[in-house]
Amino acid sequence: MQVAITREPIDAKALMEGLKAGADGAVCAFDGIVRDNTRGRRTLHLDYEAYEEMALEQMRGLAAEAITRFGVRDIAVVHRLGRLFVGETSILIAVASAHRGAAFDACRWLIDTLKKTVPIWKKEQFEDGAVWADGEPFPEAIAPGATASGSADR
Amino acid sequence: MRVRVLLFGVLTERLGGKERVVELAEQATVADVVAWARGLRLEEGLVRSLAVAVNREYAQTETRLSDGDEVALLPPVSGGCRGRAV
């Protein structure tokens, strides 16, 4: 299992090659890249930041869970931080498995789960301003802000 | 007791900084840190969206704190690739 956070460009090809072993029948990869717009608004770059120690622990935990849950042989997950420009890889997930079905499923589950729980944020710089991207709401089990301390006005 | 409160994403801009030291009563819980954040005039919607980690693990409202704990206030995360398609 290879799990990392980096500030350097991610070499997707090298990661996938490095993962392969004789027992594998498939390597399925998800390469998340910076798109040139959000809802039509032109993006110049993204700045990613993380709660790094926790993010790494979360990523390790999810990769290990994916191996057990889907019965795949090995996984590499690398997330990049710092300033990324259009077309650059922000996250690479590669899953090696004897059979393709499990590899596809594990890869999909990993990116979907990671996006909801791993503490990484991005700020989007547009031509006409910058905003912190709206994250998806946390799964209910981990959002105490929603329930804590009652005198909220709604 | 004193805890270190770590701030991320939009919170660093709203509150001007990445870290605060917060004084809490003995036997304080995560709920007290959320109440502290609420007292800083953050929008209620933002406070409600936060998750809290204590010493790098997601914690519940009732999780008890200890002196010296590292408490992180986490806005909804947006790592990986792009968010919603719409």
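Scope of this entry: the structure provided in the associated data block. Small disclaimer: the values here were computed from a predicted structure and weren't measured.

Here's the deal with helix H3 (residues 100–117) of chain A
Next up, step 1: Taking 1.5 Å of rise per residue, 18 residues should cover 26 Å, and H3 of chain A covers 26 Å from first to last C-alpha, within 8% of that figure.
Next up, step 2: Of all the positions in H3 of chain A, only Ala 103, Ala 106, Cys 107, Trp 109, Leu 110, Ile 111, Thr 113, Leu 114, Lys 115 and Thr 117 of chain A are classed as buried.
Next up, step 3: Residues of H3 of chain A that are buried make contact with strand S2 (26–33), helix H2 (52–70), strand S5 (74–80) and strand S7 (89–97) of chain A together with strand S4 (57–58) of chain B.

Section: the pairing of S5 of chain A
All names here are of chain A.
Next up, step 1: Here S5 lies mainly inside the structure; 7 of its 7 residues are buried.
Next up, step 2: Of the two faces of S5, the one carrying Asp 74, Ala 76, Val 78 and Arg 80 and the one carrying Ile 75, Val 77 and His 79 are both buried.
Next up, step 3: Note that strand S1 (residues 2–6) and S5 share 5 bridges and pair parallel. Note that in S5 the partner of Ile 5 across the bridge is His 79.
Next up, step 4: Two elements, S5 and S7, share 6 bridges in a ladder whose sense is antiparallel. Within S7, the residue paired with Val 77 across the bridge is Ile 93.

Re the sheet that holds S1 of chain A
Residues and elements named next belong to chain A.
Next up, step 1: The 4 strands lie next to each other as S1-S5-S7-S2, forming an open sheet whose pairing is mixed. Looking along the sheet, the strands with just one partner apiece sit at the ends: S1 and S2. Here the strands of the sheet are splayed against their neighbours by 5° on average, with no regard to which way each runs.
Next up, step 2: The strands touched by H2 are S1 and S5; relative to S1, the strand with the most contacts, the crossing angle is about 155°.
Next up, step 3: With respect to the sheet, H3 is in contact with S2, S5 and S7, its orientation differing from that of S7 by roughly 150°.

Quick word on the packing of aromatic side chains
Next up, step 1: Evaluated as defined, the whole model comprises 4 aromatic pairs over all chains.
Next up, step 2: Here Trp 121 of chain A and Phe 8 of chain B contribute two aromatic rings whose centre-to-centre distance is 5.0 Å and whose plane-to-plane angle is 10°, an arrangement assigned as stacked. With Trp 121 of chain A in strand S8 (residues 120–126) and Phe 8 of chain B in the loop between strand S1 (2–7) and helix H1 (10–15), this residue pair bridges two chains. Here the two residues Trp 121 of chain A and Phe 8 of chain B agree in accessibility, since each one is buried.
Next up, step 3: Judged by centre distance (6.0 Å) and plane angle (65°), the ring pair of Phe 138 of chain A and Tyr 58 of chain B falls under edge-to-face. Of this pair, Phe 138 of chain A sits in the segment after strand S9 (129–132) while Tyr 58 of chain B sits in strand S4, placing the two residues on different chains. With respect to burial, Phe 138 of chain A and Tyr 58 of chain B carry one shared label: buried.
Next up, step 4: Ring-pair connections join several aromatic residues into one group, and the members of that group are Tyr 51 and Trp 121 of chain A together with Phe 8 of chain B.

Digging into the nonpolar core
Next up, step 1: If you look at the biggest cluster of nonpolar residues, it comprises 38 residues, and the most contacted ones within it are Tyr 51 of chain A together with Leu 24, Leu 65, Leu 73 and Leu 74 of chain B.
Next up, step 2: Elements represented by at least two residues in this core include exactly S1, H1, helix H2 (30–38), helix H3 (44–49), strand S3 (51–54) and strand S5 (70–74) of chain B.
Next up, step 3: Setting aside residues up to four positions removed in sequence, Leu 74 of chain B forms contacts with Tyr 51, Met 54, Pro 119, Trp 121 and Phe 138 of chain A together with Phe 8, Ser 49, Leu 50, Ala 51, Ala 53 and Tyr 58 of chain B.
Next up, step 4: Residues Ala 55, Leu 62, Val 95 and Val 118 of chain A belong to the second largest nonpolar core, which totals 29 residues.

Rules and cut-offs
All residue numbers refer to positions counted from 1 along the written sequence of the respective chain. Chain letters and ligand numbers both follow the written order, the letters beginning at A and the numbers at 1. Totals for whole chains, interfaces and linings use every residue, but because this is a predicted model, local features are given only for residues with pLDDT of at least 70 and side-chain atom pairs only at 80 or more, for both listing and counting. Processing note: side-chain calculations cover all non-hydrogen atoms of the structure and skip hydrogens and water entirely. By definition, any uninterrupted DSSP run of H or I lasting at least four residues is a helix, any uninterrupted run of E lasting at least two residues is a strand, and each is numbered from the N terminus. Multiplying 1.5 Å by the helix residue count minus one yields the expected span of that helix. When a residue's accessible area, from a 1.4 Å probe over protein chains only, is under 20% of the maximum for its type it is buried; when over 50% it is exposed; and in between it is partly exposed. By definition, residues are in contact when any of their heavy atoms lie within 4.5 Å. DSSP bridges decide pairing: two strands pair if at least two such bridges lie between them. A fitted line through C-alpha atoms serves as each axis, taken over the contacting stretch for helices, and the angle formed by two N-to-C directions is quoted from 0 to 180°. Planes of paired rings set the category: under 30 degrees apart is stacked, over 60 is edge-to-face and the rest tilted, where pairs are Phe, Tyr or Trp rings (Trp by its six-membered ring) whose centres lie within 6.5 Å. In this description, a nonpolar core means a group of buried Ala, Val, Leu, Ile, Met, Phe, Trp, Tyr and Cys residues linked to one another through side-chain atoms lying within 4.5 Å.

Don't take any of this as a statement about function, it's just geometry.
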